[in-house]
Amino acid sequence: MTGTREVLVLVDHADGSVRRTTGELLTIAARLGEPSAVFLGPGIDAAREQLRAYGAAKVYVCDSADVTDYLVVPQVEVLEHLVQRTSPAAVLLPSNPEGKEIAARLAVRTGSGLITDAVDVRAATDADADAGPVTTQSVFAGGFSVQARVTSGTPVITVKPNSATPDETAGPGVEEPVEMTVSDDAKAARVTGREARTSSGRPELTEASIVVSGGRGTGGDFGPVEDLADALGAAVGASRAAVDSGWYPHSYQVGQTGKTVSPQLYVACGISGAIQHRAGMQTSKAIVAVNKDAEAPIFELVDFGVVGDLTTVLPQVSEAIKARKG
Amino acid sequence: MRIVVCVKLVPDATASRSFEPDHTVDRVSVDGLLSELDEYAVEEALRIRDAASEDGEVVAVTMGPQAAADAVRKSLQMGADSGVHVLDEAIAGSDAPATSLVLAATLRKLGADTGPVDLVVCGMASTDGTMGVVPAMLAERLGLPQLTYANQVTVDDSNGAYRVQVRRDSDLATETVEAAAPVVVSVTDQINEPRYPSFKGIMAAKKKPVQTWSLSDVGVDPAEVGLSAAWTAVVSAEARPPRSAGTVVTDEGDGGTRLAEYLVEKKFV
Ligand SMILES: Cc1cc2nc3c(=O)[nH]c(=O)nc-3n(C[C@H](O)[C@H](O)[C@H](O)COP(=O)(O)OP(=O)(O)OC[C@H]3O[C@@H](n4cnc5c(N)ncnc54)[C@H](O)[C@@H]3O)c2cc1C
Ligand SMILES: Nc1ncnc2c1ncn2[C@@H]1O[C@H](COP(=O)(O)O)[C@@H](O)[C@H]1O
């Protein structure tokens, strides 16, 4: 049994504000062994309680500013050090660009297999318990479901948001400082500027349980899309056509070269459903579309679709919801 | 400036893609093309070469089966100067660590044969694997800094040495990151508008040199690559059952109301 081995989870946070995905990762870690949070950079005072609440048994802390001043490699060095020190059953990281790159370098450095974009991770069944956890990935724009496992070294796995429901059983969260100095080699790529994006006040796109997205069919007016999102308490997303037209910022793009979302409900408005768009939303639990073209490929995916003009349909939905809520 | 651009031939994403019985991507029954995301890398490499004060060179490098040479050819047609194709039966089924191992060895050989490489440009991800990890692994293997997911690349050569600066969007912020060359850069589809090969470019490409190297040419042991050496194993790959057909209604003045009723019924409201 892997029961007592540690499982390292890289905490995703901004200045100590811990993101929900970390709770999901700690929950998955608890299935595989003993969840240890790895907190890098300044801000542990703000994060401590949250990490305990999410069930961390241990919290490794390296509060060096080097990990935020330089790209990727300092974090790899700390994790490499912890992998050697704790021989964990697995290392789990968030499946965002930086998490994947840290994972990539860590895997090469430790001679370990890497699995990215897992949507589920389970402990192996008894027969091959030594073979490490089994991951599920969704590939080819959601067309295939692949199960895989790491066969060399320490399993390094990046996990997508919404892959587990955070278990709110608190853990002891015993803190252990990691005293190490980051090497000069790790300081080659210096972050010289960082402008935080202004928050829209809506839920974060990749974490939201409902996403309402607009495409070229909005004609540039995202008003009806935003109104519906607000009526539903949802995040707003956009297709690449809408982003390329300058109608909505790139950080809201859903799809192959944007964000992947996996909410309970995805509402596509004026979006045709190109394969690259599907790649970012096809694992949503329920899919709804409003499109005036009955032949649009998005309708192949929907649980509920309306063939109609979004400029009249969306306001009607928003009104009905508001009326119901009173 | 000597620039290497890493390019990959991928199955056409708009065709129906699937797996071979050994769980490797079926690269035979679907037409291959230069990964669209690598076109941005080629374009950026050409722009950096052409903007530099001194003469520069862009070498397109690929690793893959016979057909992968098409990815190099397309790069040459766009304007790259020469190409290298690493071709070896043992490569089939290589995972990202093995791919980065071979590419790193290829870059070392290029450096040793024809002089140091200042910049390596990759796409942000390949459109078939979509892992987006080869650039970081390549940087790790070469011991180089990485400047990845660039929406903008600026090269400053004012002090006799190249400094590379990129702008990138992380989840919560827009960052500027810089490093001294040599560096590995990866670029997003926000960075530029890739050119189409001109007729002149297509003709000129026919005369450009392409070298084909085996694993022994680049000094990689065949036992370290390919499906059998992979550090991960696929346990199963199943086509997802098609989503069961949903309800589609045509708006006759009450489309929004009916959608709202659906949302209420499913407890989203
Ligand atoms: C390498 C690569 C990466 C890509 N990455 C992404 C990605 O990450 N995300 C992404 O989204 N795309 C991506 N794309 C682009 C993708 O191929 C499509 O071009 C894009 O998704 C189309 O956006 P759209 O559906 O908004 O526009 P269109 O395809 O033009 O569809 C607009 C739809 O709106 C409908 N419509 C028009 N007016 C109305 C109205 N008044 N009411 C209701 N419906 C209306 C139309 O019937 C149509 O179906 C990528 C492409 C490539 C090559
Ligand atoms: N076989 C290959 N040959 C050349 N370059 C590659 C190969 N595989 C990946 N790359 C490069 O690495 C980038 C990211 O690939 P990936 O990590 O597979 O998503 C691609 O856009 C290419 O620039």
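In case you missed it, the structure is sitting above this.
Residues numbered from 1 in each chain as written. Chains lettered and ligands numbered in written order. Predicted model: local features only at pLDDT ≥ 70, side-chain atom pairs only at ≥ 80, totals over all residues. Heavy atoms only, no water.

### Re the nonpolar core
By size, the foremost hydrophobic cluster in this structure holds 70 residues, and its most contacted members are B:Leu119, B:Leu147, B:Val153, B:Val185 and B:Val187. Per-element accounting of this core gives the leading share, 7 residues, to helix H1 (residues 36-51) of chain B. Judged by nonpolar contacts, the second largest core, of 34 residues, contains A:Leu228, A:Ala238, A:Tyr248 and B:Tyr262. (Core = buried A, V, L, I, M, F, W, Y, C linked by side-chain atoms within 4.5 Å. Buried < 20%, exposed > 50% of the residue type's maximum accessible area, 1.4 Å probe, protein only. Helix = DSSP H or I, 4+ residues; strand = E, 2+ residues; numbered from the N terminus.)

### Side note on the sheet that holds strand E11 (residues 210-213) of chain B
In space, the 10 strands of this open sheet follow the order E12(A)-E9(B)-E8(B)-E7(B)-E10(B)-E6(B)-E1(B)-E4(B)-E5(B)-E11(B), with mixed pairing throughout. Both outer strands of the open sheet, strand E12 (190-196) of chain A together with E11 of chain B, are each paired with one neighbouring strand and no more. Strand-to-strand twist of the sheet, defined as the mean angle between neighbouring strand axes without regard to direction, takes the value 30°. Looking at chain direction, strand E6 (residues 119-123) of chain B and strand E10 (residues 183-187) of chain B are connected through 5 bridges and run parallel. (Pairing = 2+ DSSP bridges. Axes fitted to C-alpha atoms, helices over the stretch in contact; angles between N-to-C directions.)

### Here we look at the packing of helix H3 (residues 96-114) of chain B against helix H4 (residues 134-142) of chain B
Residues and elements named next belong to chain B. It is the contact of H3 with H4, at a shortest axis distance of 9 Å, that shows an interaxial angle of 50°. Here H3 is positioned oblique relative to H4, judged by the angle of their axes. Of the two possible hands of crossing, H3 and H4 adopt the one that is right-handed. Here H3 contributes Ala96, Pro97, Thr99, Ser100, Leu101, Leu103, Ala104, Leu107 and Arg108 to the contact with H4, which in turn contributes Val134, Met137, Leu138, Arg141 and Leu142. Across the contact of H3 with H4, the residue classes break down as 10 nonpolar, 2 polar and 2 charged. (Parallel < 35°, antiparallel > 145°, perpendicular 65-115°, else oblique. Left-handed = near helix turned anticlockwise from the far one by under 90°. Contact = heavy atoms within 4.5 Å. Nonpolar A, V, L, I, M, F, W, Y, C, P; charged D, E, K, R; others polar.)

### Concerning a negative patch on the surface
Together, B:Glu252, B:Asp254, B:Glu261 and B:Glu265 make up a region of like negative charge exposed at the surface. Structurally, the position occupied by B:Glu252 is in the loop between strand E13 (247-250) and helix H7 (255-265). (Patch = residues over 30% accessible without salt bridge, like charges linked within 9 Å, V, L, I, M, F, W, Y side chains within 5 Å. Areas by Shrake-Rupley, 256 points an atom, 1.4 Å probe, with all protein chains shown as cover. Salt bridge = Lys/Arg side-chain N within 4 Å of Asp/Glu carboxyl O. Lys, Arg positive; Asp, Glu negative; His and termini not counted. Charge placed at Lys NZ, Arg CZ, Asp CG, Glu CD.)

### A look at the pattern of salt bridges
Scanning the model with the defined rule gives 36 salt bridges over all chains in all. A salt bridge links A:Arg109 to B:Glu140, with the shortest nitrogen-to-oxygen separation between them at 2.7 Å. In this pair, A:Arg109 sits in helix H5 (residues 97-110) while B:Glu140 sits in helix H4, so the two residues belong to two different chains. The class for A:Arg109 is partly exposed, based on a relative accessible area of 28%.

### Digging into the environment of B:His23
All names here are of chain B. As for its position among the elements, His23 is in the loop between strand E2 (9-11) and strand E3 (32-34). In this structure, the C-alpha to C-alpha distance between His23 and Ala233, residues 210 residues apart in sequence, is 9.0 Å. Every residue in contact with His23, bar those within four places of it in the chain, is listed here: Val234, Val235, Ser236 and Ala237.

### With respect to the environment of B:Pro209
Residue and element names in this part refer to chain B. Position of Pro209 relative to the elements: it lies in the loop between helix H5 (199-205) and E11. The sequence separation of Pro209 and Asp88 amounts to 121 residues, and the corresponding C-alpha distance is 19 Å. Excluding residues that lie within four positions of it along the chain, Pro209 makes contacts with Asp81, Ser82 and Gly83.

### What to know about the interface of chain B and chain A
Opposite the 75 residues of chain B that make contact, chain A presents 84 residues. Broken down residue by residue, the surface that chain B buries against chain A is led by B:Asp171, B:Trp231 and B:Arg243, which jointly contribute 12%. Mapped by element, the contributors of at least two residues to the side of chain B that touches chain A are H1, H4, strand E7 (146-156), strand E8 (163-169), strand E9 (173-180), strand E12 (232-239), E13 and H7 of chain B. Bridge count between strand E17 (residues 304-307) of chain A and E13(B): 4 bridges; the pairing is parallel. Bridged to A:Gly305 within E13(B) is B:Val248. (Buried area = accessible area lost by both parts, 1.4 Å probe.)

### Looking at the packing of H5(A) against H4(B)
What describes two packed helices is the angle between their axes and the distance between those same axes. Interhelical geometry of H5(A) versus H4(B) gives an angle of 40° and a closest axis separation of 8 Å. Classified by the angle their axes make, H5(A) and H4(B) are oblique. For H5(A) against H4(B), the interelement crossing comes out right-handed. Together, A:Glu101, A:Ala104, A:Arg105, A:Ala107, A:Val108 and A:Arg109 of H5(A) and B:Ala136, B:Met137, B:Ala139, B:Glu140 and B:Arg141 of H4(B) make up the contact between the two elements. Among the residues forming the contact of H5(A) with H4(B), the class breakdown is 6 nonpolar, no polar and 5 charged.

### Overview of the sheet that holds E13(B)
Taken together, 6 strands build an open sheet; the order of strands is E14(A)-E13(A)-E15(A)-E16(A)-E17(A)-E13(B) and the sheet is parallel. Each edge of the open sheet carries a strand with a single partner, namely strand E14 (235-238) of chain A together with E13 of chain B. The average angle at which neighbouring strand axes cross in this sheet is 15°, direction not considered. Bridging between strand E13 (residues 210-214) of chain A and strand E15 (residues 265-269) of chain A involves 5 bridges; their strand directions are parallel. The partner of A:Val211 across the bridge, within E15(A), is A:Tyr266.

### Quick word on the pairing of E6(B)
Residue and element names in this part refer to chain B. Counting buried positions along E6 yields 5 of 5 residues, so the element is predominantly enclosed. Here 3 bridges tie strand E1 (residues 2-6) to E6, and the two strands are oriented parallel to one another. Pairing of Ile3 across the sheet is with Leu119, part of E6.

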